[in-house]
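Here is what each chain is made of, one letter per residue.
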Amino acid sequence: MTEASEHDGATPERGGHTGGREGGGTGERHPGGGRTTSPAPQAPPRVRLVDVAREAGLSKTTVSAALNGTGRLSPGVREKARETARRMGYRPNATARQLRAGRARLIGYVVGELADTPWTFLESPYFARLTGATAATALARGYALVLLPAGSLQSEWAALPLDAVVVADPVADDRIVEDLLAARIPVFSDRSVEGRPGAHWVDVDAAAAVEETLDHLHAQGARRPVLVVPDSTTRFHREVEAAHRAWCAAHGLPERTVRAAEPGNGPVIQAVETALGTGADRPDALLVVAEASPPLVLDAARRHGYDVPGDLLLVCVGEDETALHTQPPVTTLSLRPDAVAEAGIAHLVAVLEQGLQETGGALVPVGLEVRGSSVRVG
């Protein structure tokens, strides 16, 4: 199949049915009382590469090269071909392209952490950013994202021509990774899949993130920090708790952890209020890893009589931009979803298009954005 064949293979899309009312046709009475039927409306023929070439006054080969980003063409010729194709509504023949490449250029996408409420992950600023960045990065490489519910059963995706599946933050009891690998579909996930044939990973360095954040709080005078985490079995949250435990032991401080029973602002703020406590043993620093609105966390601290940062140093993990607009602005630990998406899709393309066999991965450093909520003046 030649380079231009994916463009030339389109055939007119026409309605092929005629008939009476049940078939969607229209009826007209003859003077003699009979009824004839007219054919159903036909779809307009699909615009072909040759139509674009004729309109632009260029050859098919030139137009094909311009649309594929290949060939030695002047910027003016390339832009003329692309603008003509856009104006005419031209689309390449996806079937021909799939046959040529052996791929459908579809990537499944699953957020494993929120399996109990599978379609709510876009309410999370972190997962909204990660999903958007993954979709945009994949589309720039010529792949489209197919959203699948967490806890997906094989019957829900087995018939889809997926080239690979991204499983973000799988929980310990989610079978989707095993099912996908059994179906010989490449899986791209976090480090929990490390070493498994057909699985690849990109992750953030959770241990380094916790150590950096707690060191910062300690340098600001914190001696009674409390960690607020979700009640989750993802690798990231298990590593956060393990790193917090190790840091407290190394510094001779008690390990104080409160778990949020469910995701969402309500349950997390309730966990924050439990962590704030009462009496002489109240915390002097709070690291909130369970995702919640920073203004709501600040409000909870003030309701319990804290001045931030005077009495309580505060750091929230997440991508919620409202942290910039509070008083004081809230220090955040960003898990850098844009960088995770870029690294993950780059690795995915290397596997699918360059035949990369290694099942290794990459660690993405996090970003601690220090602001007024965790800095004591003087």
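As a starting point, this report considers the structure included with it. Not measured: the values here are computed from a predicted model.

**Concerning the overall build of the chain**
Secondary structure summary: the chain contains 13 helices and 14 strands in total. Burial statistics for the chain: of 378 residues in total, 44% are counted as buried. In the chain, of all internal contacts separated by at least 6 residues, the share reaching a separation of at least 24 is 67%. Working note: accessible area of the chain is about 18800 Å², and carbon and sulfur atoms make up 52% of it.

**Some details on the packing of helix α11 (residues 265-276) against helix α12 (residues 294-303)**
Contact geometry for α11 and α12: axes closest at 10 Å, N-to-C directions at 35°. In the crossing of α11 with α12, the sense of the turn from one axis to the other is right-handed. Where α11 approaches α12, its residues N265, I269, V272, E273 and L276 are matched on the opposing element by L296, V297, A300, A301 and R303. Taken together, the residues of the contact of α11 with α12 break down into seven nonpolar, one polar and two charged.

**What about unusual backbone geometry?**
In most cases, non-glycine residues show a negative phi, while peptide bonds are predominantly trans. The residue after V308, namely P309, is reached through a cis peptide bond having omega 10°. Along the chain, P309 turns up in the loop between α12 and β11 (313-317). Of note, the amide linkage connecting Q327 to P328 takes the cis form, showing an omega dihedral of 0°. Within the fold, P328 resides in the loop between β11 and β12 (331-334). Although it is not a glycine, D169 sits at a positive phi angle of roughly 50°. Take D169: it is sitting in the loop between β5 (164-168) and α8 (176-182). Positive phi is not limited to glycine here, since R336 has a value of about 50°. Examined against the element boundaries, R336 turns out to sit in the loop between β12 and α13 (337-354).

Rules used throughout
- Residues numbered from 1 in each chain as written.
- Predicted model: local features only at pLDDT ≥ 70, side-chain atom pairs only at ≥ 80, totals over all residues.
- Heavy atoms only, no water.
- Helix = DSSP H or I, 4+ residues; strand = E, 2+ residues; numbered from the N terminus.
- Buried < 20%, exposed > 50% of the residue type's maximum accessible area, 1.4 Å probe, protein only.
- Contact = heavy atoms within 4.5 Å.
- Areas by Shrake-Rupley, 256 points an atom, 1.4 Å probe, with all protein chains shown as cover.
- Axes fitted to C-alpha atoms, helices over the stretch in contact; angles between N-to-C directions.
- Left-handed = near helix turned anticlockwise from the far one by under 90°.
- Nonpolar A, V, L, I, M, F, W, Y, C, P; charged D, E, K, R; others polar.

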